[in-house]
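# An overview of the molecular structure
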Amino acid sequence: MSIDWKHLQNGSDVRGVALSVPGGKEVNLTPEACGRIAAAFVLWLSEKTGKVPADLRVGVGHDSRLTARSLTAAAIGGITACGAAAFDCGLASTPAMFMSTVFPETAFDGAVMLTASHLPRERNGMKFFVPEGGLDKPDITRLLELAAGQPDGPVPPAEGTSSPLMDLYAAHLRNKIVEGVGKGDKPLSGLHIVVDAGNGAGGFFVSGVLEPLGANCSGSQFLDPDGNFPNHIPNPEDKTAMAAIRSAVLQSKADLGLIFDTDVDRMSAVLPNGDEVNRDAIIAMVAAILAPRNPGATIVTDSVTSDRLTVFLEGELGLRHRRFKRGYKNVINEMIRLNGEGTPCPMAMETSGHGALSENYNLDDGAYLAVKLVVALAKTGDLGGLIAKLSSAVEETERRIPISGEDFQQKGAAALRAFEEGAKAKGIELAPTCEGVRLTFPGRGWMLLRQSLHDPILPLNAEGNAPGECQKLLEEAKELLQALDGLDLSVLNEKKG
């Protein structure tokens, strides 16, 4: 089949359909495509480093997806066909694959992770790393250009040299806990911590990190990798997934619950009383852990964080809050930019649970964030106290307003202008934002309307400070947008959270 290279790009990743399922889309991330992209990565690395391919070392890892091993063999085939040395890291996490470029025991020139995060089982994808960090969108565009220039036809699959990467990575995390807690070689003795890996790649955190340090992990669940994801979507944003770890914490009477996404670059938590620590709350908790050593520093978040979080970060912790564009690479790059210009910024985090710390290579690493929580728990015994003064949300919702027609980008831009101009005419307060239009209703709540980069939709996020307030805010939005053609505003009438 002809490969549509352009449609395999998803921002700074490669994503596609890798498995044929009844009623699903046509497979486009084939072994051939994967092999050619991996070969292109070798050429890109050669361009970047000045090394000939024969001097390059490239690691390949994967999550628990059903297509993991076939695509791994294809990727290794593409790498070795170019003359580079390929290393098979097996079942791995995305952050571990980055660390394979900086661990002295591996020191790969580049690394490839096969994952599609929390997406359905038929999907798969590729993430790429060098010692400086993950590749950005222009780099992926270049990779796909190079892949398109490779000879047509399948790349013979191959086996790489086995690498014990996850053993190295687990030891690295254990050392961080031992150093952080400072209580000998069993610093977690007496703590009961349950983990939900969602049948992804995160089960190692129990057997390789927590239990060797003395933690009781009974009640942990879905640790075995299974690309069918039979229990729940491995996604800390998913309500069913959060309900599952909450139930495990309460039934086990645990001190802490941790939940990871498929490739362990995101996480959320649950407190002993069942309170879910996700979205704004997980940002607040990690910021509270970092605040004592970073007075007055800036915390970067995505644009949909609440006014409550700003009050907590700035009023309670003495930090500064910088909202930025959605997308984990966007917030991470903004953190890097701020630090580069001399503005201390220890953390960038999305409400999705993607969180990166400057102390950890600016890497979004769910397991490293979990380590920060575990250390704080061992030292204080009360994680909940860290965010006790963060106000709870009363009502919050997201509605995705469809835009009809091929000119949806122009219509979306016109809608944002109308939304802003209408708000000004009504005397509604506009809040600073790096994307879209954010309206503040003192005492009532806030709304953010923004435009999707690729899809014909306008996401609208709203938060109300009293029961029924969200629907009132949605009515305000409908009034501001109702004169525009091409918008399906019926989604604003739906009664849902």
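Use the structure listed above.
Since we're looking at a predicted model, the values are computed, not measured.

## With respect to the nonpolar core
Most often, soluble globular proteins keep nonpolar side chains buried together rather than apart. Among the nonpolar cores identified, the biggest contains 73 residues, and Phe204, Phe205 and Leu258 are the most heavily contacted of them. Looking at which element gives the most residues to this core, the answer is helix α11 (residues 366-380), with eleven residues. Residues Leu71, Phe128, Leu135 and Leu143 belong to the second largest nonpolar core, which totals 36 residues.

## Observations concerning the packing of helix α8 (residues 280-290) against helix α9 (residues 307-316)
Between α8 and α9, whose axes approach to 10 Å, the crossing angle comes to 10°. Classified by the angle between their axes, α8 and α9 sit roughly parallel to one another. Where α8 approaches α9, its residues Asp280, Ile283, Ala284 and Ala287 are matched on the opposing element by Arg308, Leu309, Phe312 and Leu313. For the contact of α8 with α9, the per-class residue count stands at six nonpolar, no polar and two charged.

## Topic: the side chain of Glu476
Structurally, Glu476 can be placed in helix α13 (residues 469-481). The buried category is assigned to Glu476, whose relative accessible area is 17%. With near-sequence residues (within four places) excluded, Glu476 lies in contact with Lys426, Ile428, Phe441, Arg444 and Met447.

## As for the sheet that holds strand β21 (residues 445-449)
If you trace the five strands from one edge of the open sheet to the other, you get β18-β22-β21-β20-β19, paired in antiparallel fashion. Strands with a single pairing partner mark the edges of an open sheet, and in this sheet they are β18 (395-402) and β19 (429-431). In this sheet, adjacent strand axes meet at a mean angle of 20° when their direction is disregarded. Sheet topology note: the strand β20 (residues 437-441)/β21 ladder contains five bridges and is antiparallel. Counted as the bridge partner of Val437 is Leu449 from β21.

## Side note on the sheet that holds strand β11 (residues 267-270)
Note on sheets: strands pair through backbone hydrogen bonds, and any given pair is parallel or antiparallel. Taken in spatial order, the four strands line up as β9-β10-β11-β12 in an open sheet, and their pairing is mixed. Every interior strand has two partners, whereas the edge strands, β9 (193-196) and β12 (276-277), have only one. Sheet topology note: the strand β10 (residues 256-260)/β11 ladder contains four bridges and is antiparallel. Across the sheet, the residue bridging to Ile259 is Ser268, located in β11. Contacts between helix α7 (residues 239-252) and the sheet are confined to β9, β10, β11 and β12, with β9 contributing the most and set at about 155° to the helix. Where α11 meets the sheet, it contacts β9, β10 and β11, and its direction lies at approximately 175° from that of β10.

## Description of the packing of aromatic side chains
Taken as a whole and assessed by the stated rule, the structure comprises eight aromatic pairs. Plain terms: the ring middles of Phe204 and Phe205 are 6.2 Å apart, the flat faces sit at 90° to each other, and that makes the pair edge-to-face. In this structure, Phe204 and Phe205 share a single accessibility class: buried. Through a chain of ring-to-ring contacts, the aromatic side chains of Tyr169, Phe204, Phe205 and Phe260 assemble into a single cluster. Here the basic side chain of Arg438 rests over the ring of Trp446, its NZ or CZ set 3.9 Å away from the ring centre.

About the thresholds
- Residues numbered from 1 in each chain as written.
- Predicted model: local features only at pLDDT ≥ 70, side-chain atom pairs only at ≥ 80, totals over all residues.
- Heavy atoms only, no water.
- Core = buried A, V, L, I, M, F, W, Y, C linked by side-chain atoms within 4.5 Å.
- Buried < 20%, exposed > 50% of the residue type's maximum accessible area, 1.4 Å probe, protein only.
- Helix = DSSP H or I, 4+ residues; strand = E, 2+ residues; numbered from the N terminus.
- Axes fitted to C-alpha atoms, helices over the stretch in contact; angles between N-to-C directions.
- Parallel < 35°, antiparallel > 145°, perpendicular 65-115°, else oblique.
- Contact = heavy atoms within 4.5 Å.
- Nonpolar A, V, L, I, M, F, W, Y, C, P; charged D, E, K, R; others polar.
- Pairing = 2+ DSSP bridges.
- Phe/Tyr/Trp six-rings, centres within 6.5 Å; stacked < 30°, edge-to-face > 60°.
- Lys NZ or Arg CZ within 6 Å of the ring centre and 35° of its normal.

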